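So you can see what is in the structure, the chains are spelled out below.
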Amino acid sequence: MKIIAIVGTAQKGGAVSRICQSVLDGAAKMGHQTELVYLSDLCIQHCAGCWGCMGQSNCIIDDDFHDIYKKCVASDVIVIGTPVYFGNISGLMKDFFDRHNGNANFTPPIMSQLKTMPRKDRLKAYFGQVVKEYKVKPEISGKRMIRVVAANKPSWILRLTGELRTTMDALGRYIKDLHGKPAGTLLFAGTQMAPEKEAIIRKKAYALGKRL
């Protein structure tokens, strides 16, 4: 079995990467193949919103996203790790998520023609064709996925401000949209105020990796 961990932070060796690595260490202990990837090492451009992927098999932007996407396709488990930045996932992770539109989904060509149609034809085409044909590709669908989140603030503040919800929702949306299977969530809240908790979180991460 192959497990890949996608780290959405430029802080190499930081809390997110350490927890992700603990998951991989547990999996490796059971003989599984593992790999940790830093999105900061890759050139992944923003989604251009160009609709160039419609009717195509892949996004038309030529960069490193295609390589990391292929690694995800070849994996059985995907670990997605991000810090909480401005009440949400990191920009690196958001760009990674956005680019799946071109590779992970099939968008029917008629989507780009909707705005030029009369309203009644537009609705008919949307519900009669787009809704039926727009789908996740089998190659990426159904993967087991683990959420890893680290934040400076303690969990009670994250919950009070709504930052935890928005961050978890963004990760959950990725899993849901790819028809993934949630395999666990690891939260290290209070990295600065309660650093002693890291050992406990990493122990849980290691155990989770062993259970995969």
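Residues numbered from 1 in each chain as written. Predicted model: local features only at pLDDT ≥ 70, side-chain atom pairs only at ≥ 80, totals over all residues. Heavy atoms only, no water.

Draft legend 1. Seen up close, the packing of aromatic side chains. This structure, assessed with the given rule, holds 6 aromatic pairs. By way of ring pairs, the aromatic residues Phe-65, Tyr-69, Phe-96, Phe-97 and Tyr-174 are connected into one cluster. Above the plane of the ring of Tyr-38 lies Lys-12, whose end atom (NZ or CZ) is 5.5 Å from the centre. (Phe/Tyr/Trp six-rings, centres within 6.5 Å; stacked < 30°, edge-to-face > 60°. Lys NZ or Arg CZ within 6 Å of the ring centre and 35° of its normal.)

Draft legend 2. Spatial organisation of the side chain of His-32. Along the chain, His-32 falls in the loop between helix H1 (15-29) and strand S2 (33-38). Residue classification places His-32 among the buried positions, given a relative accessible area of 18%. Polar side-chain contacts of His-32 include one of 3.4 Å to the backbone oxygen of Leu-212. Sequence-distant contacts of His-32, that is, excluding residues within four places in its chain, are made with Met-1, Ile-3, Ala-27 and Leu-212. (Helix = DSSP H or I, 4+ residues; strand = E, 2+ residues; numbered from the N terminus. Buried < 20%, exposed > 50% of the residue type's maximum accessible area, 1.4 Å probe, protein only. Polar contact = N/O pair within 3.5 Å; in protein donor to acceptor, adjacent residues only side chain to side chain. Contact = heavy atoms within 4.5 Å.)

Draft legend 3. Region of interest: the environment of Glu-133. Turning to its location among the elements, Glu-133 is positioned in helix H5 (residues 119-133). Distance from Glu-133 to Thr-107, taken between C-alpha atoms, is 7.2 Å for residues 26 residues apart in sequence. With near-sequence residues (within four places) excluded, Glu-133 lies in contact with Phe-106 and Pro-108.

Draft legend 4. Structural context of the environment of Thr-161. Counting through the fold element by element, Thr-161 comes out in helix H6 (residues 155-161). Judged by relative accessible area, Thr-161 falls into the partly exposed class, the value being 46%. Spatially, the C-alpha atom of Thr-161 lies 36 Å from that of Lys-137, the residues being 24 residues apart in sequence.

Draft legend 5. Main features of the pattern of salt bridges. Here the structure, examined in full by the defined rule, presents 9 salt bridges. In this structure, Glu-198 and Arg-18 form a salt bridge, with 2.5 Å as the shortest nitrogen-oxygen distance. With Glu-198 in helix H8 (residues 198-211) and Arg-18 in helix H1, the pair connects residues that are 180 residues apart, well separated along the chain. Given a relative accessible area of 28%, Arg-18 falls into the partly exposed group. Look at Glu-198 and you get buried, because its relative accessible area is 13%. A single network of salt bridges, built from pairs that share partners, joins Arg-18, Glu-198 and Arg-202. (Salt bridge = Lys/Arg side-chain N within 4 Å of Asp/Glu carboxyl O.)

Draft legend 6. Seen up close, helix H3 (residues 91-98). Listing the buried residues of H3 in full gives Met-93, Asp-95, Phe-96 and Phe-97. Structurally, H3 contributes buried residues whose contacts are with strand S1 (2-7), helix H2 (65-73), strand S3 (77-83), helix H4 (100-103) and helix H7 (163-177).

Draft legend 7. Seen up close, a nonpolar patch on the surface. A cluster of nonpolar side chains, contributed by Leu-123, Tyr-126, Phe-127 and Val-131, occupies part of the molecular surface with about 370 Å² of accessible area. Note on placement: Val-131 falls in helix H5. When its relative accessible area of 45% is taken as the criterion, Val-131 is described as partly exposed. (Patch = residues over 30% accessible without salt bridge, like charges linked within 9 Å, V, L, I, M, F, W, Y side chains within 5 Å. Areas by Shrake-Rupley, 256 points an atom, 1.4 Å probe, with all protein chains shown as cover.)

Draft legend 8. Representation of the pairing of S3 within the structure. With 7 of its 7 residues buried, S3 lies for the most part within the structure. Alternating residues of S3 divide into Val-77, Val-79, Gly-81 and Pro-83 and Ile-78, Ile-80 and Thr-82, and every residue in both groups is buried. The pairing of S1 with S3 spans 5 bridges and is parallel. The residue of S3 that forms the bridge with Ala-5 is Val-79. Bridge count for S3 against strand S6 (residues 144-151) is 7 bridges, and the pairing is parallel. (Pairing = 2+ DSSP bridges.)

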